[in-house]
Amino acid sequence: GAGVSQTPSNKVTEKGKYVELRCDPISGHTALYWYRQSLGQGPEFLIYFQGTGAADDSGLPNDRFFAVRPEGSVSTLKIQRTERGDSAMYLCASSTGTSGRNEQFFGPGTRLTVL
Amino acid sequence: SQQGEEDPQALSIQEGENATMNCSYKTSINNLQWYRQNSGRGLVHLILIRSNEREKHSGRLRVTLDTSKKSSSLLITASRAADTASYFCATDVRGSYIPTFGRGTSLIVHP
């Protein structure tokens, strides 16, 4: 089937606004990861889902960031009261398992710009 | 903090030459993976090497792993302009299921 998709591809918002970023993983993939990538850096882990539950949210920078995956498929990353420092590429990845042995399939990302 | 660090940060070569990128990491790992990222796009998985393996090949790619030195290398032979991209290593620290990425090597292959 199709690969991982993310919408929107680009999001421009103003400081203080609320944004939602969506990720559609590959069908059947139980594991879903969110990463944030700044220019010239590698992906930085934010949160990991196994099924519907957030198995590890230790990478979320603060309580303005929240993510859900209510039915174990689509996930939404939510950012409240956006700040200019939140500007980055947000990447979603899914895989069939939970260990590092499993290849992660990445989406194209959402470029977030906070003005 | 970054578990893996790629070296060099940037590499510029001519088409047909070989490109070698290195990755060093700090703690014991289960697996190490290499990914490629074209500008402004998502990452694409290239190859995975387990901690008990020393070398793997995939097409024009050759990956080595030296666990005693905590380092890995990615060799791209007979490079093409289409190989221009950033290359990242990701390590799976023992006891963790979260791959940790380095800052990447930016490779430019001139036609």
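Trainee: Before we move on, could you go through the packing of aromatic side chains and cite the residues and values that matter?
Mentor: If you walk through the whole model with that rule in mind, you get eight aromatic pairs over all chains. Judged by centre distance (6.3 Å) and plane angle (75°), the rings of Tyr35(A) and Phe45(A) are edge-to-face. Within this pair, whereas Tyr35(A) is found in strand β4 (residues 31–37), its partner Phe45(A) is found in strand β5 (residues 44–50), the two being separated by 10 residues in sequence. Ring geometry for Tyr35(A) against Phe101(B): centres 5.5 Å apart, planes inclined by 90°, an arrangement best described as edge-to-face. Placement of the pair is Tyr35(A) in strand β4 and Phe101(B) in strand β10 (residues 100–101), with the two residues belonging to separate chains. Just as Tyr35(A) is buried, Phe101(B) falls in that class too. Ring-pair connections join several aromatic residues into one group, and the members of that group are Tyr33(A), Tyr35(A), Phe45(A), Tyr48(A), Phe106(A), Tyr35(B) and Phe101(B).

Trainee: I'd like to hear about the side chain of Gln6(A), residue by residue, with values.
Mentor: Note on placement: Gln6(A) falls in strand β1 (residues 5–7). Separated by 2.9 Å, the side chain of Gln6(A) and the backbone nitrogen of Gly109(A) make a polar contact.

What counts, and at which threshold
- Residues numbered from 1 in each chain as written.
- Chains lettered and ligands numbered in written order.
- Predicted model: local features only at pLDDT ≥ 70, side-chain atom pairs only at ≥ 80, totals over all residues.
- Heavy atoms only, no water.
- Phe/Tyr/Trp six-rings, centres within 6.5 Å; stacked < 30°, edge-to-face > 60°.
- Helix = DSSP H or I, 4+ residues; strand = E, 2+ residues; numbered from the N terminus.
- Buried < 20%, exposed > 50% of the residue type's maximum accessible area, 1.4 Å probe, protein only.
- Polar contact = N/O pair within 3.5 Å; in protein donor to acceptor, adjacent residues only side chain to side chain.

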